[in-house]
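# Close look at the chain arrangement
In case you want the letters, here they are:
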Amino acid sequence: LKKEALKYAKELEKEGNEVFISASPCFGACDIALEEAKKVEAEKIIHFGHSKLIDIKEIEVEYVEPKIEIEKELLNQLITEASQKIRFKKIGLVTNVSHISQLKEIKELFKRNGKEIFTANGERTKKEAQILGCDVSAATKIEKEVEAFVYFGGGLFHPLGALILTNKPFFVIDPFQRKIDEITNLREKYKKISNAKISIASQAKTFGILVSTKPGQFNLEKALKIKEDLKKIGKEGFLLVANTFDFNEISNFEVDAFINTACPRIGIEEGERIKNKPILSVEEFYFLFKLLNSKDS
Ligand code: SF4
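In short, a report on the structure. No experiment lies behind these values; they were computed from the predicted model shown.

## Considering the layout of surface pockets
There is about 1100 Å³ of room inside the second largest pocket. Along the walls of the second largest pocket sit 39 residues, with Phe20, Ile21, Ser22, Ile45 and Ile46 positioned nearest its centre. Elements with a minimum of two residues in the lining of the second largest pocket: helix 1 (2-14), helix 2 (34-39) and strand 1 (44-48). When its residues are assigned to classes, the lining of the second largest pocket shows 21 nonpolar, eight polar and 10 charged. When residues of the lining of the second largest pocket are assigned to domains, at least three fall in each of domain 1 (2-64) and domain 3 (188-296).

Shown next, in the form of structure tokens:
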């Protein structure tokens, strides 16, 4: 989207606006360029590429959501093929914001192919069936009702979170690669990685607690609580604050492990970046906490 930015800026300038383009990296709708906007005294932020996630009180934010229309013939072909490949009848359907405009059509096609489709609204997300790397509740909420999940969209970033937090067979329909894959087996791999991280962290004495200042990732209260809870299990925590974490930088801190209160995907996507120093999610930390606490009592 940064490639498109100059074009949008020119259009807005023609309308008489002074336009500042955020050159900071942007990872999602959690990552509104608020600090930049305040510094340049902007009156409005236009955020491209994501749907609204959080309420920003300080300044008006307009969201320009992405929309990808898959050609009807291809859509029909993919859903028919997926319906034949997936032997389950009750399907939990999830997608990302780019495909929401075709959700109704996708559901209809599945129904015509004999499937029963279940969807839900997430906690952080605003649209039916929409999942994010940090909110897969549109999947977990319907898990009891379905026999399998289908994610419609490209890449593994979104479905991976839903795969890890559910226990049903999981399929991906990728309209860009024009293929249907079952990714259920990947779940075991991530569970093993998670167990290994917890095991290494159980030996750690000092922890860096990652706190991001991004508006939708700022979880200071959680971080402070973790610091207190670390003391209860005889460990020491240090609060590490940044907007975007640079893993080369944080690897210089002499701590044995990290606990991440920012984007929950950091530990999954970047987990291997710091050698022998696991990055635990908040859930993984509390799993370890319970384990060590029960041993002590
Ligand atoms: S917190 Fe992470 S997964 Fe959630 S919107 Fe931000 S970048 Fe995406």
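Text resumes after the structure shown.
## What about the sheet that holds strand 7 (residues 179-182)?
On the basis of which strands lie adjacent, the open sheet formed by five strands has the order 4-3-5-6-7 and mixed pairing. Strand pairing shows two members of the sheet lacking a second neighbour, strand 4 (116-118) and strand 7, which therefore form its edges. Direction aside, neighbouring strands of the sheet carry axes that sit 30 degrees apart on average. Direction of pairing for strand 6 (residues 170-174) relative to strand 7: antiparallel, over a ladder of four bridges. Residue pairing across strands places Ile173 opposite Ile180, the latter belonging to strand 7. Sheet contacts for helix 3 (residues 72-85): strand 5 (148-152), strand 6 and strand 7; angle to strand 7, the most-contacted strand, approximately 30 degrees. Against the sheet, helix 6 (residues 157-164) makes contact with strand 5 and strand 6, and its axis sits at roughly 170 degrees relative to strand 6, the strand it touches most.

## Some thoughts on unusual backbone geometry
Even without a glycine there, the phi angle at Glu41 is positive, about 55 degrees. Along the polypeptide, Glu41 turns up in the loop between helix 2 and strand 1. Judged by its relative accessible area of 68%, Glu41 falls in the exposed class.

Conventions adopted
- Within every chain, residues take consecutive numbers counted from 1 along the sequence as written.
- Confidence filtering applies because this is a predicted model: local features only for residues at pLDDT of at least 70, side-chain atom pairs given and counted only at 80 or more, and all residues used for totals across whole chains, interfaces and linings.
- The basis for every side-chain value is the complete set of heavy atoms in the structure, and neither hydrogens nor water enter the calculation.
- The method works on a 1 Å grid over the protein atoms by themselves. A cavity is a set of points holding a 1.4 Å probe that cannot get out, a pocket is an open set with protein on both sides within 12 Å along at least five of seven lines, and residues with an atom within 4 Å of a point line them.
- Grid points are joined across faces, edges and corners, and a volume is the space filled by probe spheres set on the points.
- Only DSSP runs of H or I covering at least 4 residues are called helices, and only runs of E covering at least 2 are called strands; the numbering of each starts at the N terminus.
- Charged means Asp, Glu, Lys or Arg here, nonpolar means Ala, Val, Leu, Ile, Met, Phe, Trp, Tyr, Cys or Pro, and polar covers whatever is left, Gly included.
- Residue ranges assigned to each domain were obtained from an automatic or database domain assignment.
- Only strands that DSSP links by at least two bridges are regarded as paired with each other.
- Every angle, taken between N-to-C directions, lies between 0 and 180 degrees, and every axis is a line fitted to C-alpha atoms, over only the stretch in contact when it is a helix.
- For this analysis, residues touch if any pair of their heavy atoms sits within 4.5 Å.
- Burial here depends on accessible area, computed with a 1.4 Å probe over protein chains only, as a share of the maximum for the residue type. Under 20% is buried, over 50% is exposed, and the range in between is partly exposed.

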